[in-house]
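# Reading the structure
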Protein chains: 2
Amino acid sequence: MDITVAVDAMGGDHGAHITVPAVLRFLDRHPEVNVVLVGLPDAIESELRARKASVGPRLRIHPASEIVTMDEAPQSALKNKKDSSMRVAINLVKSGEANACVSAGNTGALMATARFVLKTIEGVERPAIAKMMPTASGGETCVLDLGANVDCTPEQLTQFGIMGASLVAAVHQKDRPTVGLLNIGSEEIKGNESVKAAAEMLRASKLNFHGNVEGNELFTGKVDVIVADGFTGNVALKTTEGLAKMLAEFLREEFTRTWWTRFLAVLAWPVLSHFKKRVDPRRYNGASLLGLKGIVVKSHGGADQMAFYWALKQAVTEAQSGVIQRITEQVREQLADLAATPVPAAQ
Amino acid sequence: MDITVAVDAMGGDHGAHITVPAVLRFLDRHPEVNVVLVGLPDAIESELRARKASVGPRLRIHPASEIVTMDEAPQSALKNKKDSSMRVAINLVKSGEANACVSAGNTGALMATARFVLKTIEGVERPAIAKMMPTASGGETCVLDLGANVDCTPEQLTQFGIMGASLVAAVHQKDRPTVGLLNIGSEEIKGNESVKAAAEMLRASKLNFHGNVEGNELFTGKVDVIVADGFTGNVALKTTEGLAKMLAEFLREEFTRTWWTRFLAVLAWPVLSHFKKRVDPRRYNGASLLGLKGIVVKSHGGADQMAFYWALKQAVTEAQSGVIQRITEQVREQLADLAATPVPAAQ
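In this text, all values refer to a predicted model and were calculated from it rather than measured experimentally. (Residues numbered from 1 in each chain as written. Chains lettered and ligands numbered in written order. Predicted model: local features only at pLDDT ≥ 70, side-chain atom pairs only at ≥ 80, totals over all residues. Heavy atoms only, no water.)

All names here are of chain B. Here eleven strands make up an open sheet; going across it, the order is β3-β2-β1-β4-β11-β10-β5-β6-β9-β7-β8 and the pairing mixed. A single partner strand is all that each edge strand has here, and the edge strands are β3 (59–63) and β8 (208–213). Put simply, the sheet's adjacent strands are angled 25° from each other on average, direction ignored. Here helix α5 (residues 107–118) sits on the sheet in contact with β4 (100–103), β5 (128–134), β10 (287–290) and β11 (295–298), set at roughly 175° to β11. (Pairing = 2+ DSSP bridges. Helix = DSSP H or I, 4+ residues; strand = E, 2+ residues; numbered from the N terminus. Axes fitted to C-alpha atoms, helices over the stretch in contact; angles between N-to-C directions. Contact = heavy atoms within 4.5 Å.)

Next comes the structure, spelled out in structure tokens:
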């Protein structure tokens with residue numbers, strides 16, 4: 001199936017300078033994909049020219065005269081920038097001209113605009129941000145929410161479970177993905193009231209609920225989906241980024257200490273680079289805004305070409321696997337089911 | 001100054017088999033320290049004999065007939081095990097026979113017992129669990145709470161800031177340690193109500209408050225103390241443990257793939273082992289139960305000899321630097337100060 005992706009060409013810390021070459025590389029390797037570059041035509045064309053590329057049947061430019069800045073307040077972007085590259089890219093999904101859109105822009109503005117333009121799927125109270133994380137077993141675990149919703153009700157956490165499981169089911173062709181609830185395990189009081197009630201509700205649902213998981217189980221592959229409120233999820237994600245960066249820097253320091261260690265680094269280059277590749281966060285770039293009536297993928301703002309390439313890949317995979325339809329069906333069925341089942345009160 | 005440490009010899013996954021040899025090694029290297037091993041005399045003596053060691057002026061055994069199991073409910077341990085090794089070790093701190101105690105036992109039971117026996121410092125609503133984490137700049141950041149308090153009021157978070165800063169000031173001889181509040185930065189709604197109000201209160205305090213920090217800043221050394229509620233702090237800590245374990249495993253896999261990579265691993269052994277040493281979590285074992293009228297250090301339940309050694313070190317350092325007195329003074333002064341300063345309402 002041919003897929004068209006609308007790309008917010010101006011979003012992110014580097015704008016068209018990163019998005020355009022990433023798109024060109026992606027089109028080269030994915031003959032079934034078409035791209036609409038949305039943004040200031042001059043900026044986009046100059047990047048195309050610099051790379052001896054031009055528009056054609058698989059690559060169009062759709063003009064948009066404004067840019068949402070990285071620190072702009074979401075409501076201001078929503079009200080005052082109706083012709084922003086971000087908004088117009090989302091509009092193309094709404095109108096059906098594109099099957100998905102990708103933006104490296106301001107997360108808050110992207111979520112607010114996507115919610116306003118595309119609307120949420122029937123039954124979904126709040127969209128969530130989901131991301132695949134690598135696991136020790138060589139697989140991936142989908143974690144959500146990563147920051148869209150600071151305080152979450154048990155109902156919302158349950159909906160995140162349904163959405164995350166639908167995403168994994170569609171993208172990884174898993175029939176009944178396992179779902180875990182991020183909690184703290186070893187202390188006196190296990191979890192706050194909302195998490196306790198969410199556990200009861202998830203247990204009563206038709207999801208393949210596996211119970212509580214702790215922070216260290218983000219990487220064991222014990223479950224396919226991990227549900228958290230956006231505050232906790234965001235802290236866990238950023239902690240991961242910070243630690244990985246520190247460890248990579250320490251490893252680099254150790255291998256550049258003397259001429260002998262530098263020589264060893266050259267000898268061990270294939271080993272070290274294979275290790276680096278396995279844990280390269282760029283390969284996991286591309287967070288999904290789930291719960292909307294359309295596919296929106298958020299790239300890291302500081303993404304380089306390779307990272308943005310992977311965000312494009314995520315959007316295409318979601319479009320090809322019918323994620324939106326799956327979430328819509330699952331939310332409808334499972335919420336009807338939950339409404340019919342009395343949920344035991346949390347203890 | 002001579003320091004006496006009461007050691008819960010029976011606590012942890014391995015009990016006396018780990019605690020006794022760790023203590024013997026520690027006594028060897030720290031002539032200013034005395035230890036009281038608390039627990040079943042038979043078990044302790046048999047470990048001492050196996051290592052050709054015996055009691056003496058610097059090493060005593062104090063009998064305790066019960067053991068708190070790792071999964072025992074805190075309230076049950078508190079009520080039913082009044083002669084447990086954990087409780088008796090804490091009693092020795094209370095009576096002044098020991099300057100600090102160390103236990104690798106059940107965290108919930110340790111906190112409940114320590115609170116009951118030692119009581120909290122005047123003005124401290126809830127004790128917190130604090131831990132030093134390594135940073136990229138080669139220093140350490142103190143993070144609290146790591147799981148004792150799931151839901152925290154702004155007042156409690158502010159008290160954690162005062163306690164953490166007092167710990168760092170005493171142990172690292174830093175005059176005005178910088179304090180950050182763990183929050184999420186880039187999203188629409190920055191933090192929940194409690195965190196927003198805590199930020200206002202911390203700003204109004206005499207602490208050297210640096211504002212919000214995100215998860216990735218746990219490892220940059222940007223601030224000396226990071227304050228979080230126990231739920232978020234626990235997830236961040238466990239996430240760190242999980243990721244570090246996965247990366248270590250990946251690195252091991254890459255270096256044991258073929259005979260050539262194994263040969264490289266041998267050549268690069270000094271480099272890899274220096275890297276491993278820098279990030280070895282055992283060196284950071286030993287969490288402090290802060291806010292109590294006595295020093296209680298919690299070792300990881302699965303600690304090996306080296307890890308338990310570092311928990312002993314943490315307890316001795318705290319005892320030598322007068323942490324309890326510092327916290328007591330700072331809490332009294334700063335809370336009086338805060339009461340006199342009108343705190344602006346959170347926006």
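Once you've had a look at it, read on.
The next point concerns helix α7 (residues 193–204) of chain A. Between its first and last C-alpha atoms α7 of chain A spans 17 Å; for twelve residues at 1.5 Å apiece the expected length is 16 Å, and the two agree. Among the residues of α7 of chain A, those classed as buried are Val195, Ala198, Ala199, Glu200, Met201 and Leu202 of chain A. Looking at the buried positions of α7 of chain A, the neighbouring elements they touch are α6 (154–171), β7 (178–182), β8 (208–213) and α12 (323–340) of chain A together with α8 (230–255) of chain B. (Expected span 1.5 Å × (residues − 1). Buried < 20%, exposed > 50% of the residue type's maximum accessible area, 1.4 Å probe, protein only.)

Now for the interface of chain B and chain A. Between chain B and chain A, the residue contacts involve 59 residues of the former and 58 residues of the latter. On inspection of chain B and its partner chain A, the count reaches six salt bridges. Residues Arg278 of chain A and Glu254 of chain B are paired through a salt bridge, measuring 2.9 Å at the closest nitrogen-oxygen approach. Counting the contacts that link chain B with chain A gives ten residue pairs in polar contact (both at pLDDT 80 or more). Top element by residues in the side of chain B that touches chain A is α8 of chain B. It accounts for 19 residues. (Salt bridge = Lys/Arg side-chain N within 4 Å of Asp/Glu carboxyl O. Polar contact = N/O pair within 3.5 Å; in protein donor to acceptor, adjacent residues only side chain to side chain.)

Time to look at the packing of aromatic side chains. Summed over all chains, the structure comprises eight aromatic pairs over all chains. Relative to Phe263 of chain A, the ring of Trp260 of chain A lies with its centre 5.7 Å away and its plane at 35°, an arrangement referred to as tilted. Remark: Phe263 of chain A and Trp260 of chain A occur in helix α9 (residues 259–267); sequence separation between them is three residues, near one turn of the helix. With 6.0 Å between their ring centres and 75° between their planes, Tyr309 of chain A and Trp310 of chain A make a pair best called edge-to-face. On the accessibility criterion, Tyr309 of chain A (8% relative accessible area) is buried. Classification of Trp310 of chain A as partly exposed rests on a relative accessible area of 27%. Of the aromatic side chains, those joined through ring pairs into one cluster are Phe26, Tyr309 and Trp310 of chain A. Sitting over the ring of Tyr309 of chain B, Arg25 of chain B keeps its end group 5.5 Å from the ring centre. We note Arg278 of chain B situated over the ring of Phe250 of chain A; from NZ or CZ to the ring centre the distance is 3.9 Å. (Phe/Tyr/Trp six-rings, centres within 6.5 Å; stacked < 30°, edge-to-face > 60°. Lys NZ or Arg CZ within 6 Å of the ring centre and 35° of its normal.)

All right, on to the side chain of His30 of chain B then. Residues and elements named next belong to chain B. Tracing the sequence through the fold places His30 in the loop between α1 (16–29) and β2 (33–39). The class for His30 is buried, based on a relative accessible area of 9%. Those residues in contact with His30 that lie beyond four places of it in its chain are Arg58, Tyr309 and Lys313.

A word on the pattern of salt bridges. Under the criterion given, the structure shown has 24 salt bridges over all chains. Between Arg278 of chain A and Glu253 of chain B there is a salt bridge; the shortest N-O distance is 2.8 Å. Of the two residues, Arg278 of chain A is situated in helix α10 (residues 269–279) and Glu253 of chain B in helix α8; the pairing between them involves two chains. By relative accessible area, which is 25% here, Glu253 of chain B ends up partly exposed. Glu47 of chain B is the salt-bridge partner of Arg51 of chain B, the closest N and O atoms lying 2.6 Å from each other. Residue class for Arg51 of chain B comes out partly exposed when judged on its relative accessible area of 30%. When its relative accessible area of 13% is taken as the criterion, Glu47 of chain B is described as buried. One network of salt bridges, in which partners are shared, links Glu253, Glu254 and Arg257 of chain A together with Arg278 of chain B.

Moving on to unusual backbone geometry. Residues and elements named next belong to chain A. Here the residue pair Leu144 and Asp145 is connected by a cis peptide bond, since its omega of 5° sits within 30 degrees of zero. In this fold, Asp145 is placed in the loop between β6 (140–144) and α6. The backbone phi angle of Lys119 is positive, close to 70°, even though this residue is not glycine. For Lys119, the location among the structural elements is in the loop between α5 (107–118) and β5 (128–134). We classify Lys119 as partly exposed; its relative accessible area is 40%.

Of the voids in this model, the second largest pocket is the one considered here, and its volume is about 320 Å³. What lines the second largest pocket is a set of 20 residues, and nearest its centre among them are Asp151 and Asn192 of chain A together with Asp151, Asn192 and Asp229 of chain B. Elements with a contribution of two residues or more to the lining of the second largest pocket: α7 and α8 (230–255) of chain A together with α7 (193–204) and α8 of chain B. For the lining of the second largest pocket, the class distribution of residues is ten nonpolar, six polar and four charged. (1 Å grid on protein atoms, 1.4 Å probe; cavity = no way out; pocket = protein on both sides within 12 Å on 5 of 7 lines; lining within 4 Å. Points joined across faces, edges and corners; volume = space filled by probe spheres on them. Nonpolar A, V, L, I, M, F, W, Y, C, P; charged D, E, K, R; others polar.)

What follows is about the relation of the copies chain B and chain A. Mapping chain B onto chain A calls for a screw motion: a turn of 180° about the axis and a shift of 0.0 Å along it, with 0.0 Å RMSD after fitting. Taken together, the rotation angle and the small translation identify this as a two-fold axis. In this assembly the copies share their binding face: 98% of the residues contributing to the interface of chain B also contribute to that of chain A. (Least-squares fit on C-alpha atoms with pLDDT ≥ 70 in both.)

Along its sequence, chain A is carved into domain 1 (3–118) and domain 2 (128–280 + 330–340). Each of domain 1 of chain A and domain 2 of chain A has a C-alpha centre, and the two are 28 Å apart. (Domains from an automatic or database assignment.)

Glancing now at the pairing of β11 of chain B. Residue and element names in this part refer to chain B. Neither face of β11 is exposed, since Ile295 and Val297 on one face and Val296 and Lys298 on the opposite face are all buried. Pairing geometry for β4 and β11, over four bridges, is parallel. By the bridge assignment for β11, Val102 is matched with Val297. Where β10 and β11 come together, two bridges link them in antiparallel fashion. The residue of β11 that forms the bridge with Ala287 is Lys298. Taking the residues that link successive antiparallel strands as the turn, the β10-β11 hairpin has four residues, and the phi of Gly291 there is positive, at about 105°.

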